[in-house]
Amino acid sequence: MNLGERIYELRNKKNLSQGDLSDVLDVSRQSVSKWENNIALPDITLAPVLASYFGVSLDELFGFDKEKTQKEVRAIARSTVKYRSENYKEGIKIIEAALRKYPNNDILLCNLLYLIPYWETPDETIKVASKVIDITQNDEIKYDACRFLAYAYKQKGDIESAKKSLEQIPEIYFSKLSEMAFILGGEEKMNAAQKQKGVSLEILLEMHSRIAECFEEQGDIKKAIKEIEKAIALFKIEEPSSEWDNYISFFEKRLTELKNKI
């Protein structure tokens, strides 16, 4: 619904004629008619006056449905997850098309960071991550962007800037999900615990990989192999869904690479 249609709808809800509204706003009846027929737009200074008079927000006046937009944006973001491990260029095209419709949307920009190969184009990652940090009011999105900012600076060899990026992230030893799992009951408890277990498993696997890297750098290949074997054992215990297949493939490949070094 465009602005003219919205003004027409709100005016009729109040049982006002075009003349009545023009008197309230101190404009001509012809001006109101032009607005409603999409021939002209109201002066921008009249927007808050119109919103206040009709008892709606500016978003509602302009027909902006925030909840609907958020659902659409999140659906678009979810659709690009499958492109993160391969064919990332296709995922970037989808996000860039969405950004033309929803400019500077922090959710879309944050998901773009998961698609940009920071190891190849760190400057592009720094540009997008910095923008996300500047515009978002969501701490989760901000701290996610800080991570990518640090990765990109490390890739450029700028460790000091990487450290400063990480310093923006608070050290937290609990999460909303973990506390929900402790406090709530029933299905809510189960859902929170399952989600937190997935998050914790991913972090634990990543740490096994990082520790293996340290042992490999020290030349202790046997200890590096042991760390990767622990990660693979976790998969067998937890039996995660097929969404984790990329992780399994990664650790199996790492194990083969390390064994070939002995």
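Residues numbered from 1 in each chain as written. Predicted model: local features only at pLDDT ≥ 70, side-chain atom pairs only at ≥ 80, totals over all residues. Heavy atoms only, no water.

## Things to note about the overall build of the protein chain
The test is simple: Here a helix means four or more residues in a row that DSSP labels H or I, a strand means two or more in a row labelled E, and each is numbered from the N terminus. Between the two quantities, the radius of gyration covers C-alpha atoms and the globule rule is 2.2 Å times the number of residues to the power 0.38. Type-normalised accessible area, obtained with a 1.4 Å probe on protein chains alone, sets the label of each residue: buried when under 20%, exposed when over 50%, and partly exposed for intermediate values. Contact criterion: two residues are considered in contact whenever any of their non-hydrogen atoms come within 4.5 Å of each other. Method for areas: the Shrake-Rupley scheme with a 1.4 Å probe, in which residue coverage is limited to the protein chains shown. Residues counted as positive are Lys and Arg, residues counted as negative are Asp and Glu, and His and the chain ends are not counted. Each charge is placed at NZ for Lys, CZ for Arg, CG for Asp and CD for Glu.
Along the backbone of the protein chain there are 15 helices and zero strands. A compact globule built from 262 residues would reach a C-alpha radius of gyration of about 18 Å, whereas the protein chain, at 26 Å, exceeds it by more than 25%. The C-alpha extent of the protein chain, read off along each of the three principal axes, is 90 × 45 × 30 Å. Counting all 262 residues of the protein chain, 35% fall into the buried class. Restricting to contacts in the protein chain with at least 6 residues of sequence separation, those with at least 24 account for 51%. Summed over all atoms, the accessible surface of the protein chain reaches about 17,100 Å², with 52% contributed by carbon and sulfur. A distance of 2 Å separates the average location of the 39 positive side-chain charges in the protein chain from that of its 44 negative side-chain charges.

## Quick word on helix α14 (residues 221-238)
Put simply, the rule reads: To estimate how far a helix should reach, multiply one less than its number of residues by 1.5 Å.
Taking 1.5 Å per residue as the helical rise, α14 with its 18 residues ought to reach 26 Å, and the 26 Å between its terminal C-alpha atoms agrees with that figure. Of the surrounding secondary structure, the elements contacted by the buried residues of α14 are α13 (186-218) and α15 (245-259). Trailing α14 by a residue or two, E239 shows a phi angle of about 50 degrees, which is positive.

## Concerning the packing of aromatic side chains
Operational definition: Two rings from Phe, Tyr or Trp (for Trp, the six-membered ring) form a pair when their centres sit within 6.5 Å of each other. Planes less than 30 degrees apart are called stacked, planes more than 60 degrees apart edge-to-face, and all others tilted. Our definition puts a charge over a ring when NZ of Lys or CZ of Arg is within 6 Å of the ring centre and also within 35 degrees of the ring normal.
Tallying each qualifying case throughout the model produces eight aromatic pairs. Pairing Y114 with F148 gives two aromatic rings, centres 4.8 Å apart and planes at 75 degrees, and the pair type is edge-to-face. Of this pair, Y114 sits in the loop between α8 (106-113) and α9 (122-135) while F148 sits in helix α10 (residues 139-155); the two residues are 34 residues apart in sequence, bridging distant segments of the chain. Classification of F148 by relative accessible area gives buried; the value is 6%. Seen in terms of ring centroids, Y118 and W119 are 5.1 Å apart; in terms of plane orientation they differ by 80 degrees. Their pairing is edge-to-face. Residue classification places Y118 among the partly exposed positions, given a relative accessible area of 22%. Through pairs of rings, three or more aromatic residues link up here, namely Y114, Y118, W119, F148 and Y151. Over the ring of Y53 we find K14; its NZ or CZ atom is 5.0 Å from the centre of that ring.

## Remarks on the packing of α9 against α10
How two helices pack is summed up by the angle between their axes together with the distance between the axes. Here is the rule we go by: Comment: axis = line fitted to C-alpha atoms, over the contacting stretch for helices; angle = value between 0 and 180 degrees taken between N-to-C directions. The cut-offs work like this: below 35 degrees is roughly parallel, past 145 is roughly antiparallel, 65 to 115 is roughly perpendicular, and the gaps in between are oblique. In this scheme, a crossing is called left-handed if the near helix is turned counterclockwise away from the far one by less than a right angle; it is called right-handed if the turn is clockwise. When residue character is reported, Ala, Val, Leu, Ile, Met, Phe, Trp, Tyr, Cys and Pro are called nonpolar, Asp, Glu, Lys and Arg charged, and the others, Gly included, polar.
Interaxial distance between α9 and α10 falls to 8 Å at its minimum, and their mutual angle equals 155 degrees. When the interaxial angle is binned, α9 and α10 end up roughly antiparallel. Pair α9 / α10 crosses with left-handed handedness. For the pair formed by α9 and α10, the contact residues are P122, T125, I126, A129, S130, V132 and I133 on the first element and I141, K142, A145, C146, F148, L149, A152, Y153 and Q155 on the second. Split by residue class, the contact of α9 with α10 holds twelve nonpolar, three polar and one charged.

## A short note on a nonpolar patch on the surface
The condition is simple: Patch membership is restricted to residues that have no salt bridge and whose relative accessible area is over 30%. Joining uses 9 Å for like charges and 5 Å for the nonpolar side chains Val, Leu, Ile, Met, Phe, Trp and Tyr. Basic side-chain nitrogens of Lys or Arg form a salt bridge, by our definition, when they fall within 4 Å of a carboxyl oxygen of Asp or Glu.
On the surface, I44, L58 and F62 cluster together to form a nonpolar patch covering roughly 310 Å² of accessible area. With respect to the helices and strands, F62 occurs in the loop between α5 (58-61) and α6 (66-79). Looking at F62, the relative accessible area reads 40%, which means it is partly exposed.

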